[in-house]
Amino acid sequence: SNIGMTGDGKVHVYGDQTITVAGGAKIDNGGVCVKIVGLNGDVTINAEKSGDVRISGRNLIFDAKDNIEFTANGKVQINSRELIATNQSTTRIHAKKTRLSGTNLDLDGGTNISLRTSKGTIKVKRITGRDVDWAAACFANTKVPTSALV
């Protein structure tokens, strides 16, 4: 292990195993226990080689003055009981494919929805959800019996 400062003012802390920074042993009822501050630039956390970066706590709060950006070469996966987006003026999803699934799809304010297509804007007056059997719909009013579609 090694702690040192270079001639240009950079401080390096090296450890052969785990380095733990812990604070707050005498703070009652919570509060800030460890603070990392970049006074005039970025703060970066890197897991080199094949390591992951893990952040855990009762709640994770991201507070940005401007934007929060996530970039992944794979996928961004969110697993939660509920996903709430409030107070935004616009929600955009730009994707080659967009899939919505679930037993109920509730769109509030359905009379104020417009779909932009290559042929112009389509005003959606009403959205109706229903449980449809695809094969039965395709062969409706034909001589194919519904028993053959199972």
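To be clear, the structure that these remarks concern was listed above.
Chemist: Lay out the overall build of the protein chain in plain terms, naming residues and giving numbers.
Modeler: In terms of regular secondary structure, the protein chain is built from one helix and four strands. For the protein chain, the α and β elements follow one another from N to C terminus as β-β-β-β-α. Taken across its 150 residues, the protein chain has 2% of its residues classed as buried. Taking contacts inside the protein chain between residues at least 6 apart in sequence as the whole, the part at least 24 apart equals 0%. Of the accessible surface of the protein chain, which amounts to about 16,300 Å², a share of 49% is contributed by carbon and sulfur atoms.

Chemist: An account of the pattern of salt bridges is requested, with residue identities and associated values reported.
Modeler: The tally for this structure, following the rule as stated, stands at two salt bridges. A salt bridge links Asp 8 to Lys 10; the nearest nitrogen and oxygen atoms lie 3.8 Å apart. Judged by its relative accessible area of 57%, Asp 8 falls in the exposed class. Asp 52 is the partner of Arg 54 in a salt bridge, and the nearest nitrogen-oxygen pair spans 3.6 Å.

Chemist: Give a detailed account of unusual backbone geometry, specifying residues and quantitative values.
Modeler: A positive phi angle, close to 60°, is found at Asn 29, a residue other than glycine. Within the secondary structure, Asn 29 is located in the loop between strand S2 (11-14) and strand S3 (113-117). Classification of Asn 29 by relative accessible area gives exposed; the value is 82%. Backbone geometry at Lys 49 places phi at a positive 55°, although glycine is not the residue there. Its place among the elements puts Lys 49 in the loop between S2 and S3.

Chemist: Just give me the short version of the pairing of strand S4 (residues 120-124), but keep the residues and values in it.
Modeler: Sheet topology places S3 next to S4; five bridges connect them, and they run antiparallel. When the sheet's bridge partners are listed, Thr 117 is paired in S4 with Gly 120.

Chemist: Tell me about the environment of Leu 149, residues and numbers included.
Modeler: Within the secondary structure, Leu 149 is located in the segment after helix H1 (134-138). In contact with Leu 149, not counting residues within four places along its chain, are Ala 135, Ala 136, Phe 139 and Val 144.

Chemist: Account for the pairing of strand S1 (residues 2-5), with residues named and values stated.
Modeler: Relative to S2, S1 runs antiparallel, the two sharing four bridges. Bridged to Gly 4 within S2 is His 12. Hairpin connection, S1 to S2: the antiparallel pair is bridged by five residues, and Gly 9 has positive phi, about 95°.

Chemist: Describe the packing of aromatic side chains, naming the residues involved and giving the relevant values.
Modeler: For any pair of aromatic rings, the description consists of the separation of the ring centres together with the inter-plane angle of the planes. Evaluation of the coordinates by the stated rule reveals one aromatic pair. Look at Phe 62 and Phe 70: their rings are 6.4 Å apart centre to centre, the planes differ by 85°, and that puts the pair in the edge-to-face class.

Chemist: So what's going on with a nonpolar patch on the surface? Which residues, and what values?
Modeler: A cluster of nonpolar side chains, Ile 45, Val 53, Ile 55, Leu 60, Phe 62, Ile 68, Phe 70, Val 76, Ile 78 and Leu 83, forms an exposed patch at the surface whose accessible area comes to about 1,100 Å². Exposure remark for Val 53: the relative accessible area of 49% places this residue in the partly exposed category.

So, how was this worked out
Residues numbered from 1 in each chain as written. Predicted model: local features only at pLDDT ≥ 70, side-chain atom pairs only at ≥ 80, totals over all residues. Heavy atoms only, no water. Helix = DSSP H or I, 4+ residues; strand = E, 2+ residues; numbered from the N terminus. Buried < 20%, exposed > 50% of the residue type's maximum accessible area, 1.4 Å probe, protein only. Contact = heavy atoms within 4.5 Å. Areas by Shrake-Rupley, 256 points an atom, 1.4 Å probe, with all protein chains shown as cover. Salt bridge = Lys/Arg side-chain N within 4 Å of Asp/Glu carboxyl O. Pairing = 2+ DSSP bridges. Phe/Tyr/Trp six-rings, centres within 6.5 Å; stacked < 30°, edge-to-face > 60°. Patch = residues over 30% accessible without salt bridge, like charges linked within 9 Å, V, L, I, M, F, W, Y side chains within 5 Å.

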